[in-house]
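# Survey of secondary and tertiary structure
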Protein chains: 4
Amino acid sequence: MIKVLVWNEFMHEKDKNCKASEIYPDGIHGVIAEFLGKEDDIEVRTATLDDENCGITKEILDDTDVIIWWGHCGHSRVPDEIAAMVQEAVLNGMGAIFLHSAHKSKPFMRLMGTSCSLTWRESDDMERVWTASPAHPIAQGIGRYFELEADETYGEPFGIPSPDETVFIGWYTGGEVFRSGCTWSRGNGKVFYLQPGHETYPTYKNPVIQKIILNAVRWAKPVFRSENCMDCPNLPSVQRAELL
Amino acid sequence: MIKVLVWNEFMHEKDKNCKASEIYPDGIHGVIAEFLGKEDDIEVRTATLDDENCGITKEILDDTDVIIWWGHCGHSRVPDEIAAMVQEAVLNGMGAIFLHSAHKSKPFMRLMGTSCSLTWRESDDMERVWTASPAHPIAQGIGRYFELEADETYGEPFGIPSPDETVFIGWYTGGEVFRSGCTWSRGNGKVFYLQPGHETYPTYKNPVIQKIILNAVRWAKPVFRSENCMDCPNLPSVQRAELL
Amino acid sequence: MIKVLVWNEFMHEKDKNCKASEIYPDGIHGVIAEFLGKEDDIEVRTATLDDENCGITKEILDDTDVIIWWGHCGHSRVPDEIAAMVQEAVLNGMGAIFLHSAHKSKPFMRLMGTSCSLTWRESDDMERVWTASPAHPIAQGIGRYFELEADETYGEPFGIPSPDETVFIGWYTGGEVFRSGCTWSRGNGKVFYLQPGHETYPTYKNPVIQKIILNAVRWAKPVFRSENCMDCPNLPSVQRAELL
Amino acid sequence: MIKVLVWNEFMHEKDKNCKASEIYPDGIHGVIAEFLGKEDDIEVRTATLDDENCGITKEILDDTDVIIWWGHCGHSRVPDEIAAMVQEAVLNGMGAIFLHSAHKSKPFMRLMGTSCSLTWRESDDMERVWTASPAHPIAQGIGRYFELEADETYGEPFGIPSPDETVFIGWYTGGEVFRSGCTWSRGNGKVFYLQPGHETYPTYKNPVIQKIILNAVRWAKPVFRSENCMDCPNLPSVQRAELL
């Protein structure tokens, strides 16, 4: 069983003046939890900004295999301590999937160490997303490319460390390109960033996007989990070389 | 002084039925040698498929800091021994810049170890090339993006090992994307691949492309050059640990 | 079922004057095939230099999930065409594990593109191998380090492209260090190199080494397999875009 | 002129009970500033924990090409805002060299995103440091290896993202290995970590260590410097494309 925690700031969807409230009345996390919850090997929980401690405790993270993170306007409302806890859980082995505007979320930025900046535009551009690594587990069943009728445009340069693998690269009618799907190892954990998914488009209802997220969950599940990877143990020499 | 050897198969340009003969009457190598030759810190030579041994000997390579390679229909006419000599020179420290269809040249394929495959189409698509690594020496003076009115379209997946740095990513009106400028370390040598430059377009007369190639030459010049990096020396222990 | 092909040049072990003949009377491949064969999810075949075509055909490779390669004095006796077939099978998705002196085997060198050189010494040095990536699937169950009472010493610099992951780093009583376990993606295939295993030591009978090889087999099994990754397809535009 | 800022917490050296006070009476920064200051192309300043704002302001960082950082017991005394300013300066293009126990300094940890943990022991072990990347600018003039009669032992696993290049790997008489010299690109800046240099050993007076630090300063100087890489600009489409 893969235990997934879907975290969403859940702000836009509660704003009746925002289109997001029509598309995702129960929140982006609701839609993601729903399609993942149908899988036999996955157990889903959700948490949002309004929950106490953002719905995140060390106990919950210890009991989570893969966290999925969506955030945008509420990035700064996530306390540093919570972001540090998520980062540390990843370093100890928890998988993490960051969606769309989560490129500027605290946990993602802490894990990357870089600006995570990009250029953007809301202009209903069509996006065609190409598979650059056809053998990557996250790309299985996706095909050579897929299209999103409209989503927010993100553009290079994307301020990230060189990805371990560039799984997807996006093309937009506005003329931009973007590394839309990238992976990194961080400590014992695996990290995946996926670009599509602005709150005013029904991107997370798209079966291809759902397939990518499902693939990513299975790919990111921990191989090994340490207790306290932040420690620096003072260890005696096993046997000094000159004693041989 | 950076000693550059511009290698070109020089086939299309001699074919009077090919548009390349009008654009590059003295060969692609001629145009590249000309603009590089204007630089005070660069000394240029050229070589082509018709020269004896393809114009390549160990002595010439030992006296070359950076090789630039353009090839297409004549890849298989380059003897394996010549390709191996070029590869070995790179591993010993020589820089190498592979242009456009040289992605399937023997020296590039030997250095990458992968298929170097891609999809392609000759359809006069416009290309917009984005700078993905603004701080890379090769991207200096290029700006956020530049455009080529028409060139051959190359598409992902590009069968390369994950680049050390993805300097440029291309966008085409036909809907493709491509990692258009990539770098790799190979042994003591630096390798740069640049995608634009089909023989039927005046790409190498474009000042932006010329600036990129010039930047790449300066970036790729050797830091250190070994004599025989292919050797596996049998070396005595400096001092066995138990002797301390 | 993971179909494994254990390839061994099988030269030293047939030489009655060589210690290898006592340690591995049925060949290094025999010992490896034996311990892998005990696993329920693995099906093993072997092939050697004496077999017709080195025991390798396209059909056999198409039916192989992971190849394991041991070679030393017979590297040059493997025909280039066979080495190319193995390389291409990896690029299409087959996993490959290269053991010890196979660092200079044709298939490994073709996949790396580099010298694959190192320094070496046969002097019965003790080796301590450290786990540098505790969460890597290949390191599971190995612990912080393990020791080999004696094996051939390999030393840096190791002429490889920067590994995707450095799983193990070795320490020797003679004062050398070596990146003893490294991984790379090559095309659709996964590659692992493991340093221990000189023919005159019973290294492949060591349970820790066997565990590493078993882990590597399971890690390297194909996710996706293409038919002909060497192709460069000429593809029409899905849908042309026109700049407004 | 390369403007270098040598930052040192300067705690141990002021403690008369600590050996560091004898070896570095004017601080580790004093010794580093002295040998760097002899170079014609380098201009050095220093700053310490006791200075106002740790001696660091945005103006000073804007006027710094390369920062060198030594810290140990005082890591937590560096305010988060100062660490964030240093990180941001690196992302904008400033080079950064982290020495020894600075692996757990706030700026380094922020740039890596990982635990930066390791094992350690103070036991006067001899260290032999091997050059793993002989062509790297930082390794020029260092030779195959060098030795330190005694320094603190650091051991793998080192909790870092896979380095862009592993320049040095260390061997210790106590049986440990460590990736002693590693590089990473972070945003527009270059980062180098160097392991030797415990405060109770005269490591920074060693000419080989000085040569490495000097090489690193020249290697890390900025190629390109941005004003505000943390920004995410909302940019209009240059020219919209319409699918036909």
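Note that the coordinates shown come from a computational prediction; the quantities given were computed from them, not determined experimentally. (Residues numbered from 1 in each chain as written. Chains lettered and ligands numbered in written order. Predicted model: local features only at pLDDT ≥ 70, side-chain atom pairs only at ≥ 80, totals over all residues. Heavy atoms only, no water.)

### What to know about unusual backbone geometry
Residues Glu 156 of chain B and Pro 157 of chain B are joined by a peptide bond in cis, for which omega reads 5°. Of note, Pro 157 of chain B is situated in the loop between β8 (153–155) and β9 (165–172). Positive phi outside glycine occurs at Phe 10 of chain A, with the angle close to 55°. Of the residues examined, Phe 10 of chain A reaches a relative accessible area of 16% and is grouped as buried. Phi at Asn 53 of chain C takes a positive value of approximately 55°, unusual for a residue other than glycine. Secondary-structure assignment places Asn 53 of chain C in the loop between β2 (42–48) and α3 (58–62). (Helix = DSSP H or I, 4+ residues; strand = E, 2+ residues; numbered from the N terminus. Buried < 20%, exposed > 50% of the residue type's maximum accessible area, 1.4 Å probe, protein only.)

### A word on the interface of chain C and chain B
Across the contact, 38 residues belong to chain C and 41 residues belong to chain B. With both chains or domains summed, chain C and chain B bury close to 2,800 Å², and 53% of this area falls on carbon and sulfur atoms. Joining chain C to chain B, the criterion identifies one salt bridge. With a shortest N-O distance of 2.9 Å, Asp 125 of chain B and Arg 240 of chain C are connected by a salt bridge. Summed over the shared surface of chain C and chain B, the result is 24 residue pairs in polar contact (both at pLDDT 80 or more). (Contact = heavy atoms within 4.5 Å. Buried area = accessible area lost by both parts, 1.4 Å probe. Salt bridge = Lys/Arg side-chain N within 4 Å of Asp/Glu carboxyl O. Polar contact = N/O pair within 3.5 Å; in protein donor to acceptor, adjacent residues only side chain to side chain.)

### Quick notes on the relation of the copies chain C and chain B
Structural alignment of chain C on chain B gives an RMSD of 0.0 Å, achieved by rotating through 180° and translating 0.0 Å along the axis. The superposition operator between the copies reduces to a two-fold rotation axis. Minimal C-alpha separation from the rotation axis in chain C is found for Gly 113 of chain C, amounting to 2.5 Å. The fraction of interface residues of chain C whose copies in chain B are also interface residues reaches 97%, indicating that both copies meet through the same surface. (Least-squares fit on C-alpha atoms with pLDDT ≥ 70 in both.)

### As for the sheet that holds strand β6 (residues 127–131) of chain B
Residues and elements named next belong to chain B. Taken in spatial order, the nine strands line up as β2-β1-β3-β4-β11-β10-β9-β6-β7 in an open sheet, and their pairing is mixed. With one partner strand each, in any of the chains shown, β2 (42–48) and β7 (145–148) form the two edges of the open sheet. Strand-to-strand twist across the sheet, computed as the mean angle between neighbouring axes with direction ignored, equals 20°. Judged from the four bridges that link them, strand β4 (residues 95–99) and strand β11 (residues 189–194) form a sheet pairing that is parallel. Note on β11: the bridge partner recorded for Leu 99 is Leu 194. Relative to β2, helix α2 (residues 28–37) is tilted by about 170°, and along the sheet it contacts β1 (2–8), β2, β3 (66–70) and β4. Here helix α6 (residues 207–220) sits on the sheet in contact with β1, β2, β3, β4, β7, β9, β10 (177–186) and β11, set at roughly 165° to β11. (Pairing = 2+ DSSP bridges. Axes fitted to C-alpha atoms, helices over the stretch in contact; angles between N-to-C directions.)

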